[in-house]
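Coordinate analysis (summary)
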Amino acid sequence: MSHYQKLLQIQTAGKSLYKITSKIESVVAESGIETGLCTLFLRHTSASLIIQENADPDVLTDLSNFFAKLVPEDNRLYIHTTEGSDDMPAHIRTVLTKTSEQIPVYRGRLALGTWQGIYIWEHRQRSHQRELLVHISGD
């Protein structure tokens, strides 16, 4: 079994979903692994990873709107407010989603479904440099 790792730096421009599927596909191709598992780990507590619809952008808008209602940015609701009104809600949104994903590698490619894309979901209002560790293992 072989292992391949790469640390990607992903610049965000504030609260939004950032499609990173092609970046991950490039790392899988670099790895030379034909059959295995791709593990993604986002090294942050105020952004998350999701696999979601990649065709209709309304899905991403609806998700963002739902989370805005579910976890409001209102300092009166939280104790941890020193980093701004979006910080504690960002932590909660990350807990409700994930910071890691695992995707099978099949015939040298990610085994995503036709309508699946990989996204970093930036939960903070300002831009951030996010670190994503990509680990691929297999043969």
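Note that the structure is predicted; figures quoted are calculated from it, not measured.

Inspection of every chain in the model, using the stated rule, returns two aromatic pairs. Ring geometry for Phe66 versus Phe67: centroids 6.0 Å apart, planes at 70°, classification edge-to-face. In this structure Phe66 comes out as partly exposed when scored by relative accessible area, which is 47%. These aromatic residues form a ring-pair network of at least three members: Phe66, Phe67 and Trp121.

With 14 residues, helix 2 (residues 57-70) should cover 20 Å at 1.5 Å per step; its first-to-last C-alpha distance of 20 Å lies within 8% of that length. Regarding helix 2, its N-cap is Asp56, as a side-chain oxygen of that residue lies 2.9 Å from the backbone nitrogen of Asp58 further along.

Another aspect to go through is the sheet that holds strand 1 (residues 2-11). The strand order 1-8-3-5-6 describes an open sheet built from five strands, whose pairing is antiparallel. A single partner strand is all that each edge strand has here, and the edge strands are strand 1 and strand 6 (109-110). Strand direction decides the pairing type here: strand 3 (residues 35-42) and strand 5 (residues 100-106), joined by seven bridges, are antiparallel. Within the sheet, the bridge partner assigned to Phe41 lies in strand 5 and is Ser100. Contacts from helix 1 (residues 21-31) reach strand 1, strand 3, strand 5, strand 6 and strand 8 (129-138) within the one sheet, and its direction differs from that of strand 1 by about 155°.

What follows covers the sheet that holds strand 4 (residues 47-53). Pairing in this open sheet of three strands is antiparallel, and the strands run 2-7-4 from one edge to the other. The sheet is open, and its two edges are formed by strand 2 (16-19) and strand 4, each paired on a single side. Along the sheet, successive strands turn relative to each other by an average axial angle of 35°, direction set aside. Two elements, strand 2 and strand 7 (residues 116-122), share four bridges in a ladder whose sense is antiparallel. Considered in strand 7, the bridge of Tyr18 is made with Ile120.

What follows covers unusual backbone geometry. Despite not being glycine, Arg107 shows a phi value in the positive range, around 55°. The residue Arg107 is located in the loop between strand 5 and strand 6 in this model. What makes Arg107 exposed here is its relative accessible area of 62%.

Residue placement: Asp87 occurs in helix 3 (residues 87-96). Here the side chain of Asp87 touches Arg124 through a polar contact of 2.9 Å, side chain to side chain.

Nonpolar side chains collect at one region of the surface, where Phe66, Leu70 and Leu96 lie side by side and expose about 300 Å² of accessible area between them. Given the relative accessible area of 47%, Leu96 is considered partly exposed.

This part takes up the pattern of salt bridges. Applying the stated criterion to the full structure yields ten salt bridges. Two residues, Lys15 and Glu73, come together in a salt bridge whose shortest N-O distance is 2.1 Å. Separated by 58 residues along the polypeptide, Lys15 in the loop between strand 1 and strand 2 and Glu73 in the loop between helix 2 and helix 3 bring together distant segments of the chain. The partly exposed category is assigned to Lys15, whose relative accessible area is 39%. Through salt bridges with shared partners, one network takes in Glu83, Asp86, Asp87 and Arg124.

What counts as what
- Residues numbered from 1 in each chain as written.
- Predicted model: local features only at pLDDT ≥ 70, side-chain atom pairs only at ≥ 80, totals over all residues.
- Heavy atoms only, no water.
- Phe/Tyr/Trp six-rings, centres within 6.5 Å; stacked < 30°, edge-to-face > 60°.
- Buried < 20%, exposed > 50% of the residue type's maximum accessible area, 1.4 Å probe, protein only.
- Helix = DSSP H or I, 4+ residues; strand = E, 2+ residues; numbered from the N terminus.
- Expected span 1.5 Å × (residues − 1).
- Polar contact = N/O pair within 3.5 Å; in protein donor to acceptor, adjacent residues only side chain to side chain.
- Pairing = 2+ DSSP bridges.
- Contact = heavy atoms within 4.5 Å.
- Axes fitted to C-alpha atoms, helices over the stretch in contact; angles between N-to-C directions.
- Patch = residues over 30% accessible without salt bridge, like charges linked within 9 Å, V, L, I, M, F, W, Y side chains within 5 Å.
- Areas by Shrake-Rupley, 256 points an atom, 1.4 Å probe, with all protein chains shown as cover.
- Salt bridge = Lys/Arg side-chain N within 4 Å of Asp/Glu carboxyl O.

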